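Architecture and fold: a report
So you can see what is in the structure, the chains are spelled out below.
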Amino acid sequence: MASSLRSWIDIRSEGKWKSSRAALVLPLAPPPTIAVVDIDEFAGKLSYSMSTRHCNRLCLNQKLAILWMFLSGAIVSSSEVETSRPSDSRNSDDGKYILRSYFDRYENLDDSSFENFMAHELSPSLCQVTPENRDHGVRLSVRELSLVGEGSHRQLSSSIRLQTGAESIPELPPHKCEVIIIQRLPLGVFADPFELQNLHKRIGFRDVAVFGDTNLELPSFRSNRSAAEVHIDAGSDILFTQNSGMEINMLLPLHARYQPLDESGYSIIEIGEPDILTRCSMEGKQHKQSCLFMSPNDSGKSRTRTVEWKIPAGMKAHAGFVSVVTFITASLSTISIVYASMFWSGTKVPST
Amino acid sequence: MNSLKPGSIFLISAILRVGLILYGEWQDEHMEVRYTDVDYLVFSDAASLMASGQSPYKRTTYRYSPLLAFLLIPNSFIAASWGKFLFSASDLFVGLFIRIILKQRKVPDHLCTYSMLIWLFNPFTFTIGTRGNCEPIVCATILWIIICLINGNVVQAACWYGLIVHFRIYPIIYALPIILFLDPRFFQSGVKPLLCDWTSDQGKIRQINSQVTDQFDVWIAFKNIFTRSRILFGLVSGSVFLLCTGFFFRLYGWEFLHEALLYHLTRTDPRHNFSIYFYHIYLNYERDLSVLEKLISFLPQFIVQLVLVFCFAKDLVFCFFVQTVAFVAFNKVITAQYFVWFFCLLPLILPWTNMKFKWQGVCCILLWMGAQTHWLLWGYLLEFKGKNVFLQLWMASLLFLAANTFILILLIRHHNYAPVFRQHTGVKTTQKKHE
């Protein structure tokens, strides 16, 4: 457990820029509101080529053009929506969490509706990657997925590679990028939001939240699915560098719920790969704009890599026998205590 | 041992607790395994919600009275460990009350000291307060109620009783023995009841109205149920309970009622715990249990409580003790913190036991701890090694119940039944003042 917590977030990087551990940021303050960007106005500026390097009076316009070209669209801050689900109580994270947008639309976590959401409803927020600048931007892939530990409390270890494009984009304004990891959890396990908050304070990464059914006490057949969203700082100005890579190893603590009864005495659940995106945001004149990079093979394709977790489950065959013996034992205890009390209570007649 | 003054005992206990709280803060900061109980974080979160004007029930798994959150509001602006200091102070109060009760019954000094040490230096009790568990407050209140009753302060006892039942439901089991205890022969208006003193004549019979046996007392009690002190106690405690509950219901609505009261009454947790019922509940969780099945599982508890009350009500403290042990043992859910409920009463009954520490006492302690450890080993295999040992764990909980039953029976057998009060004689000058 000790080593797993120390290496909970392990970010290694190659290339010119170094990774930086995010400062402790508690998701309490609302993020700045983000305006919708109209790209049509700037479509005409596409003719300015990216090879222009002289910073002159037009430099600022060029930067803005490239900015709109690559970062078309922005995430609109979502309004406060009252939800009745028992997720974390912070409602002030407007637009920050992708899962919140998902759960605002859908009641429960479902694989097909989630993949649909990722493929279609996130597309306005994607950074536009045209055929000309296909080699720009950021690519993410999951290198490894495994389950660490034994018993009902384990950690899901995922190793993620972030790779910047073959060409750099030096004309962009300064920007900060973060990696967003969305881990969908099956019915049989849950992530404890309070534990994650506690780890967040100790280890240090940007944000974490759990959405869906976070009731810690219910067995799996009385609960719904949940998902964890983790934001990790990927560094500043990474789009300026080319062919640079960064590896992120994350250990997500998970807990098993009580499983439905099974004849074999065990229940096997499968956890799939996380969905990963990069969000880069930059300070505009008045607003902060951001957009998402999603690797092409992420959207719509079913997860191929899964890990299996074998969790003990009660055996139906025991039901009758256990109930009978339980009640017999309780009855025997009762009878003995009743007998002892009546025989040895203060009913003695004094000999005075 | 005789040279240990109560003052020094309290001082050392206080230093120990302060030290543990400070150590706990350090451990929380520097080690992965927290010293502080998870429940304490729940209370603190609920208290900070309350401090900002919101409902404490917005914090999931907060299942206590809003009073607790209210007591912990200073966590937000004085220190995060204010609550722990409060609970540890209650812990020390329990020690003080133990001494007061035993001194009032004229227990010799050395036995008083032993009893205090058993509570104040029991590793289980000092960790529970310093880890941030609220049970010491409940224990202190119960003991204060006992002090009020043995001093004849029925109204004050009733107020505290109503409050504590609102705070934590389980003291409702003490309602019947208290009512029986408020015997009109001892509780006469304007007159303080006379206490039976501890004597060194262990095994001899106490002086009690020799014409009646205890069961006969109970029969008379039934006939004379509506006496002044009983009605007063019932009305005052009931009103205090309804006032508190009504007030918080007004503030926090149905959420308060569900989380703080109804949850505890209907709680069936299929997750493994010391109770013998956990596996039965888990195996039957997918189908709802019928009313008959629920009744059958409640029956042993009900019968045992009734019989214990009718046999031991006059010896109020012993009655509380045996009731609490039985209540915990037969409950649908047993967690380690429940043991404090009878640990605080154990020092009060020990001066009246015939059981010798060597070797009967030692054997009982070893048996109880052994049964617990045995359960914990299977629990470890299940939870931390992922082996299916449900059946073995369930059998370990049966063994634990058997151990509890055996020790309870031994304590009953070796107890010198000592009614708390004796009757006033005709001559008023024999009334003693017990300060």
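Residues numbered from 1 in each chain as written. Chains lettered and ligands numbered in written order. Predicted model: local features only at pLDDT ≥ 70, side-chain atom pairs only at ≥ 80, totals over all residues. Heavy atoms only, no water.

1. Remarks on the packing of aromatic side chains
Rules: Two rings from Phe, Tyr or Trp (for Trp, the six-membered ring) form a pair when their centres are within 6.5 Å of each other. A pair whose planes differ by under 30 degrees is stacked, one over 60 is edge-to-face, and the rest are tilted. Helix and strand labels come from DSSP, where a helix needs a run of H or I of at least four residues and a strand needs a run of E of at least two; each type is numbered from the N terminus. Accessibility here uses a 1.4 Å probe with only protein chains present; expressed as a share of the type maximum, an area under 20% marks a residue as buried, one over 50% as exposed, and anything in between as partly exposed. Only lysine NZ and arginine CZ atoms are considered, and such an atom sits over a ring when it is within 6 Å of the ring centre and within 35 degrees of the ring normal.
Summed over all chains, the structure comprises 53 aromatic pairs over all chains. Judged by centre distance (6.5 Å) and plane angle (40 degrees), the rings of Y279 of chain B and Y282 of chain B are tilted. With a gap of three residues between them, Y279 of chain B and Y282 of chain B both fall in helix 13 (residues 278-283), about one helical turn apart. For the pair Y279 of chain B and Y282 of chain B, a shared accessibility class is recorded, and that class is buried. Of the aromatic side chains, those joined through ring pairs into one cluster are Y40, F43, Y57, Y62, Y64, F87, F247, F248, Y252 and F256 of chain B. The residue whose ring lies beneath R59 of chain B is F194 of chain A, and the NZ or CZ to ring-centre distance is 3.5 Å. One residue, K84 of chain B, lies across the ring of Y40 of chain B, its end atom 5.5 Å from the ring centre.

2. Here we look at the pattern of salt bridges
Keep this limit in mind: For this analysis, a salt bridge means a side-chain nitrogen from Lys or Arg found within 4 Å of a carboxyl oxygen belonging to Asp or Glu.
Summed over the entire model, instances satisfying the criterion amount to 19 salt bridges over all chains. Taking the shortest distance from any N to any O, the salt bridge between E25 of chain B and K84 of chain B comes out at 3.0 Å. Remark: K84 of chain B occurs in helix 5 (residues 82-104) and E25 of chain B occurs in helix 1 (residues 6-30); sequence separation between them is 59 residues. Under the relative-accessibility criterion, E25 of chain B is labelled partly exposed at 28%. Residue K84 of chain B is classed as buried on the basis of its relative accessible area, which comes to 1%. One salt bridge in this structure joins R34 of chain B and D28 of chain B, with 3.7 Å as the shortest N-O distance. On the accessibility criterion, D28 of chain B (10% relative accessible area) is buried. Overlapping salt bridges bring together D111, E115, R184, R225 and D275 of chain A as one network.

3. Structural notes on the interface of chain B and chain A
Our working rule: The contact rule is simple, with two residues in contact once any of their heavy atoms fall within 4.5 Å. Accessible area that two parts lose when put together, evaluated with a 1.4 Å probe and summed over both, is termed the buried area. Residue classes follow a fixed rule: Ala, Val, Leu, Ile, Met, Phe, Trp, Tyr, Cys and Pro count as nonpolar, while Asp, Glu, Lys and Arg count as charged, and any other residue, Gly among them, counts as polar.
Contacts between chain B and chain A engage 58 residues on the former and 48 residues on the latter. Summing both sides of the interface, chain B and chain A together bury roughly 5100 Å²; the carbon and sulfur share of this comes to 66%. Joining chain B to chain A, the criterion identifies one salt bridge. The partner of K385 of chain B in a salt bridge is E150 of chain A, and the shortest N-O contact between them spans 2.8 Å. Listing elements by their share of the side of chain B that touches chain A, those giving two or more residues are helix 1, helix 11 (214-223), helix 13, helix 14 (291-312), helix 18 (357-385) and helix 19 (390-413) of chain B. Taken together, the residues of the side of chain B that touches chain A sort by class into 30 nonpolar, 13 polar and 15 charged.

4. Brief notes about the state of the cysteines
All names here are of chain B. Using the following cut-off: For the purposes of this analysis, a disulfide is any pair of cysteine sulfur atoms at a distance within 2.5 Å.
Applying the stated rule across the entire model yields one disulfide over all chains. C244 takes part in no disulfide bond, and the closest cysteine sulfur, belonging to C159, lies 9.7 Å away. With a relative accessible area of 14%, C244 lands in the buried category. C363 supplies the cysteine sulfur nearest to C364, a cysteine that is in no disulfide, at a spacing of 7.2 Å.

5. A look at the confidence of the model for chain B
Convention followed: One confidence number per residue, pLDDT, is output by the predictor and ranges from 0 to 100.
With 89% of its residues at a pLDDT of 70 or more, chain B shows a mean pLDDT of 86. For this predicted complex, the interface confidence score (ipTM) comes to 0.88, while the overall pTM stands at 0.80.

6. Side note on the UniProt feature "transmembrane region" (unreviewed entry) in chain A
In plain terms, the rule: UniProt positions are given in the numbering used here, feature names are shortened, and annotations may be inferred rather than shown by experiment.
Per the UniProt annotation, the sites labelled "transmembrane region" (unreviewed entry) are residues 319-344 of chain A. Spanning residues 319-344 of chain A, this segment combines 100% helix with 0% strand, and its end C-alpha atoms are found 37 Å apart.

7. What to know about a nonpolar patch on the surface
Residue and element names in this part refer to chain B. We count it as follows: Residues forming no salt bridge and having over 30% relative accessible area are the ones grouped into patches, like charges within 9 Å of each other and nonpolar side chains (Val, Leu, Ile, Met, Phe, Trp, Tyr) within 5 Å. For the accessible areas, the method is Shrake-Rupley and the probe is 1.4 Å, while residue cover comes only from the protein chains on display.
On the surface, L176, F298, L299, F302, I303 and L306 cluster together into a nonpolar patch covering about 500 Å² of accessible area. If one sorts the elements of the nonpolar patch by residue count, helix 14 sits on top with five residues. By the secondary structure assignment, F302 is in helix 14. A relative accessible area of 43% means that F302 is categorised as partly exposed.

8. Examining the side chain of D91 of chain B
Residues and elements named next belong to chain B. Threshold: Counted as a polar contact is a pair of N or O atoms within 3.5 Å, where, for protein atoms, one must be capable of donating a hydrogen and the other of accepting one, and residues adjacent in sequence contribute only when both atoms are in side chains.
Relative to the helices and strands, D91 resides in helix 5. Side-chain polar atoms of D91 contact the side chain of R17, separated by 2.9 Å. Apart from the residues lying within four places of it in its own chain, the contact partners of D91 are R17, W119, L120, T125, F126 and P136.

9. Some points on the packing of helix 15 (residues 316-330) of chain B against helix 19 of chain B
All names here are of chain B. Applicable threshold: Axes here mean lines fitted to C-alpha atoms, for a helix over just the part in contact, with angles spanning 0 to 180 degrees between N-to-C directions. In these notes the angle categories are as follows: under 35 degrees is roughly parallel, over 145 is roughly antiparallel, 65 to 115 is roughly perpendicular, and the rest is oblique. Left-handed describes a crossing whose near helix is turned anticlockwise from the far helix through less than a right angle; right-handed describes the clockwise counterpart.
Packing of helix 15 against helix 19 leaves a shortest axis separation of 10 Å and a crossing angle of 170 degrees. Comparing the axis directions of helix 15 and helix 19 gives the class roughly antiparallel. The handedness of the crossing between helix 15 and helix 19 comes out as left-handed. Of the residues in helix 19, those in contact with F318, F321, V322, V325, A326, A329 and F330 of helix 15 are L401, N404, L408, L411 and I412. For the contact of helix 15 with helix 19, the per-class residue count stands at eleven nonpolar, one polar and no charged.

10. Observations concerning the UniProt feature "transmembrane region" (unreviewed entry) in chain B
All names here are of chain B. Residues given the UniProt feature "transmembrane region" (unreviewed entry) here are residues 6-24, 62-79, 137-154, 231-252, 302-322, 334-353 and 393-412. With 100% helix and 0% strand, residues 231-252 has its two end C-alpha atoms placed 31 Å apart. Structurally, residues 334-353 is divided into 40% helix and 0% strand, and its ends, taken at the C-alpha atoms, are 27 Å apart.

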